[in-house]
Amino acid sequence: MTRDDSRDANPASDDDSSDSTTVTDGGSAAGADDVALDPWGSSTVSDYRKLFEEFGIESFDEVIDEVPNPHYLMRRGVIFGHRDYRPVAEALREGEDAAVLSGFMPTGDPHIGHKLVFDEIIWHQQAGADAYALIADLEAHSARGLSWDEIDEHARDYLLSLLALGFDPEDGELYRQSTNREVQDLAFELGSNARFAEFEGIYGFDGETSVSHMQSVVTQMADILYPQLEEPKPTVIPVGPDQDPHMRLARDVAARMRSFKVTEAYASFEADAEERDHLAAAYAALSDDTDTVRCEDAADWLDREMAPDAARDAAIDKLRAAGKEPLRPRVRFLDRNATDEAFDALIESIPGEKRRYDEHIDAFDMDRTEAEELARDVEVDHGGYGFLPPSSIYHRFMTGLTGGKMSSSVPASHISLLDDPEDGYDKVKSATTGGRETAEKQRELGGEADECPVYELYAYLLSGDDDEFAAEVYEECVGGERLCGGCKEQAAELMQEFLEEHQEKRAEMVAVLDDLDIDLDSDRQGVPGGEH
Ligand code: TRP
Ligand code: SF4
């Protein structure tokens, strides 16, 4: 059985209530105002805006216009945030290579929260991306203490639902972590660039954490980068915000694997981004009048024209030290992990004027994008991976039907994709609502659709692609024309229909799944160890 049911990090679980008096569930010490992003804890997100400020997740609104035919979960703000999604959106727009991947820990039945992620994968697949879905069996075994038999059973259920919802297995890949040798090999390589101290900082791991749990983390890093093994491509990982720590680490580790780093520079010395802005300003101002801008003249200019601050002063010092050296824009290739052969090959292949230093090469006749491409090509030709930093999109957690957190371990709080359709109907009928105490008040004040788990069902699932229908429910609710009894009846019927259809499709997919090359009878030995 699950070792610690109270710590539920399923992708749709959350204490989503917006008031600050909410009691968090047993596993978490965080107050409702804290933003706790813990992949194995109880994720509480009381305020999604804080994720933007504190963790640098960007608002999805800012990219949605760049997405071709955005999914309804994007249009309705259910997908609320992203990290670096632009390259993926661009690839989809231009019909270029892209990939989507997500993973599922088979700790219980797949439920309507997981459906969000299934839909996100399928949408990207249909938009042209290579699609991958994996069963995080190593993680379930090592971090959640599930036995291999339990894992096998649940894995089958996740995959059947994913197929039933439209994942095309001919054109996409399904795997489990434990049997994917390439993923394990990649995990081992990535592990060379990840330190225990980081695990302590990011995940709170300590001397009690099992080595297998740590191995499951590098495995997840490998999952995330697996779509780029054959060749680098923009890749999006749709997940709940509790997985963001994994994304940040994966992006870091991917960068550390690179052979070269490309930056812009103005002179032979190194400058950070802010100093560089000053150099750029000086160059722009002085190059109009003279062919050769000298560093010392740029120093004088900054001294005269710019308000003093640490970056300006540092730039001035560096410029003075460089004296008569000409200031000239260039791209710089820094040696990160390159072999001597790769470094030499890079120099060979740089077109136009170039200059070689010990640890870097400056190129004067190419722009940054060309330089990035060249660096990646040379790296890949010399046995490197050339990873692009993986992107992610984040969806809101669903509120439990009983209010508060939706949790796999509380059956009444969620609707499992395996629930008897009539039970699904009943669960919706007895759900908490955002309604007023009396029908009269409801007519007068309108319902609180924004606080209502039943409205969420409409928006996240029951309205499907029909924005008008979702808007109508909302307007009627807040306008007082809709009463909860009828509204729940309608939702319950739609839910029942959805479950009936979904389960029929699941039954059809049994044969499809059996034909796929994925081992659901794992035959592995071993019971999960003690501390995780
Ligand atoms: N850690 C994820 C979870 O808790 C599962 C997972 C494993 C995953 N590998 C992944 C998610 C890669 C996204 C991408 O559910
Ligand atoms: Fe929720 Fe429907 Fe009641 Fe509005 S009318 S509060 S959406 S159940």
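About the criteria used
- Residues numbered from 1 in each chain as written.
- Chains lettered and ligands numbered in written order.
- Predicted model: local features only at pLDDT ≥ 70, side-chain atom pairs only at ≥ 80, totals over all residues.
- Heavy atoms only, no water.
- Core = buried A, V, L, I, M, F, W, Y, C linked by side-chain atoms within 4.5 Å.
- Buried < 20%, exposed > 50% of the residue type's maximum accessible area, 1.4 Å probe, protein only.
- Contact = heavy atoms within 4.5 Å.
- Axes fitted to C-alpha atoms, helices over the stretch in contact; angles between N-to-C directions.
- Helix = DSSP H or I, 4+ residues; strand = E, 2+ residues; numbered from the N terminus.
- Parallel < 35°, antiparallel > 145°, perpendicular 65-115°, else oblique.
- Left-handed = near helix turned anticlockwise from the far one by under 90°.
- Nonpolar A, V, L, I, M, F, W, Y, C, P; charged D, E, K, R; others polar.
- Pairing = 2+ DSSP bridges.
- Near = heavy atom within 4 Å.
- Expected span 1.5 Å × (residues − 1).
- Salt bridge = Lys/Arg side-chain N within 4 Å of Asp/Glu carboxyl O.
- Phe/Tyr/Trp six-rings, centres within 6.5 Å; stacked < 30°, edge-to-face > 60°.
- Right-handed = clockwise from strand over helix to strand, strands pointing away.
- pLDDT = per-residue confidence, 0-100.
- Polar contact = N/O pair within 3.5 Å; in protein donor to acceptor, adjacent residues only side chain to side chain.
- Areas by Shrake-Rupley, 256 points an atom, 1.4 Å probe, with all protein chains shown as cover.

Examining the nonpolar core
Then step 1. In this structure, Phe 60, Tyr 85 and Tyr 458 are the most contacted members of the largest nonpolar core, which totals 71 residues.
Then step 2. When sequence neighbours within four positions are dropped, the list of residues in contact with Tyr 458 reads Arg 76, Ser 463, Phe 469, Val 473, Arg 482, Cys 487, Gln 490, Ala 491 and Leu 494.
Then step 3. Counting 47 residues, the second largest nonpolar core, distinct from the first, contains Tyr 48, Ala 222, Val 239 and Met 257.

Re the packing of helix 12 (residues 273-286) against helix 14 (residues 310-322)
Then step 1. Contact geometry of helix 12 with helix 14 gives a least axis separation of 9 Å together with a crossing angle of 65°. The angle between helix 12 and helix 14 places the two elements in the roughly perpendicular class. Our pair here, helix 12 against helix 14, has a crossing hand that is right-handed. Residues Glu 274, Glu 275, His 278 and Leu 279 of helix 12 lie in contact with helix 14, whose contacting residues are Ala 311, Arg 312, Ala 314, Ala 315, Lys 318 and Leu 319.
Then step 2. Residues belonging to the contact of helix 12 with helix 14 are distributed by class as follows: five nonpolar, one polar and four charged.

Examining the sheet that holds strand 1 (residues 58-59)
Then step 1. Sheet architecture is open: seven strands sit in the order 1-2-13-6-3-4-5, paired in mixed fashion. One side of each edge strand has no neighbouring strand; the edge strands of this open sheet are strand 1 and strand 5 (172-176).
Then step 2. Alignment of strand 3 (residues 99-104) against strand 4 (residues 130-135), held across six bridges, turns out to be parallel. In the strand pairing of strand 4, Leu 101 is matched with Tyr 132.
Then step 3. Against the sheet, helix 1 (residues 48-55) contacts strand 1 and strand 2 (79-83), and its axis sits at roughly 10° relative to strand 2.

Observations concerning the site of ligand 2
Then step 1. Every residue close to ligand 2 is listed here: Thr 433, Gly 434, Gly 435, Gln 442, Cys 452, Val 454, Tyr 455, Cys 477, Arg 482, Cys 484 and Cys 487.
Then step 2. Looking at the shell around ligand 2, the elements with two or more residues in it are helix 19 (453-462) and helix 21 (484-515).
Then step 3. Residues of the shell around ligand 2, tallied by class, amount to six nonpolar, four polar and one charged.

Section: helix 11 (residues 244-256)
Then step 1. The terminal C-alpha atoms of helix 11, which comprises 13 residues, lie 18 Å apart, in line with the 18 Å expected from a rise of 1.5 Å per residue.
Then step 2. Turning to helix 11, its buried residues are Asp 244, Pro 245, His 246, Met 247, Leu 249, Ala 250, Val 253 and Ala 254.

Quick look at the sheet that holds strand 11 (residues 354-356)
Then step 1. Ordered in space as 7-10-12-11, the four strands form an open sheet in which the pairing is antiparallel. Looking at strand neighbours, the two that pair on one side only are strand 7 (260-265) and strand 11, the edges of this open sheet. Taking the axes of each pair of neighbouring strands and ignoring which way they run, one obtains an average angle of 20° across the sheet.
Then step 2. Of the pairings in the sheet, the one linking strand 7 to strand 10 (residues 330-335) comprises six bridges and is antiparallel in character. Bridge pairing in strand 10 places Val 262 opposite Phe 333.

What to know about the pattern of salt bridges
Then step 1. Applying the stated rule across the entire model yields 38 salt bridges.
Then step 2. Here Arg 181 and Asp 185 are joined by a salt bridge, their closest N and O atoms 2.8 Å apart. In this pair, Arg 181 and Asp 185 are both assigned in helix 8 (residues 181-191), four residues apart and thus about one turn of the helix distant.
Then step 3. What makes Arg 181 exposed here is its relative accessible area of 61%.
Then step 4. Notably, a salt bridge pairs Arg 368 with Glu 264, separated by 3.1 Å at the nearest N-O pair.

As for the packing of aromatic side chains
Then step 1. This structure, assessed with the given rule, holds 17 aromatic pairs.
Then step 2. Between Tyr 48 and Phe 80 the ring centres are 4.6 Å apart and the planes differ by 65°, which places this aromatic pair in the edge-to-face class. Here Tyr 48, found in helix 1, pairs with Phe 80, found in strand 2; they are 32 residues apart in sequence, far enough to count as distant.
Then step 3. Their ring planes at 5° and their centres at 4.7 Å tell us that Tyr 385 and Phe 387 sit as a pair that is stacked.
Then step 4. Among the residues examined, Tyr 385 registers a relative accessible area of 22% and is labelled partly exposed.

Notes on the pairing of strand 3
Each regular strand carries side chains that alternate between the two faces of the sheet.
Then step 1. With five of six residues buried, strand 3 is to be regarded as a mostly interior element.
Then step 2. With helix 5 (residues 112-126) bridging strand 3 and its parallel neighbour strand 4, the resulting β-α-β unit is right-handed.
Then step 3. Direction of pairing for strand 3 relative to strand 6 (residues 235-239): parallel, over a ladder of two bridges. The partner of Ala 99 across the bridge, within strand 6, is Thr 235.

Brief notes about the confidence of the model for the protein chain
Then step 1. Residues at a pLDDT of 70 or more form 92% of the protein chain, whose mean pLDDT is 91.
Then step 2. The model gives residues 1-33 a pLDDT under 50, and that stretch makes 96 contacts with residues more than four places away or in other chains.

Side note on the packing of helix 9 (residues 196-203) against helix 10 (residues 211-225)
Then step 1. Between helix 9 and helix 10, the shortest axis-to-axis distance is 12 Å and the interhelical angle comes to 90°. The angle between the axes of helix 9 and helix 10 places the two elements in the roughly perpendicular class. Of the residues in helix 10, those touching helix 9 at Phe 196, Phe 199 and Tyr 203 are Met 214, Val 217, Val 218 and Met 221.
Then step 2. Tallied by class, the residues present in the contact of helix 9 with helix 10 amount to seven nonpolar, no polar and no charged.

Here's the deal with the site of ligand 1
Then step 1. In the vicinity of ligand 1, 14 residues are found, and the nearest of them are Met 105, Glu 139, Gln 220, Asp 223 and Gln 243.
Then step 2. Side-chain polar atom of Glu 139 to a nitrogen atom of ligand 1: 2.8 Å apart, as the coordinates give it.
Then step 3. When the free accessible area of ligand 1 is taken as 360 Å², the share hidden by the protein chains comes to 97%.
Then step 4. Listing elements by their share of the shell around ligand 1, those giving two or more residues are strand 3, helix 10 and strand 6.
Then step 5. When its residues are assigned to classes, the shell around ligand 1 shows seven nonpolar, five polar and two charged.

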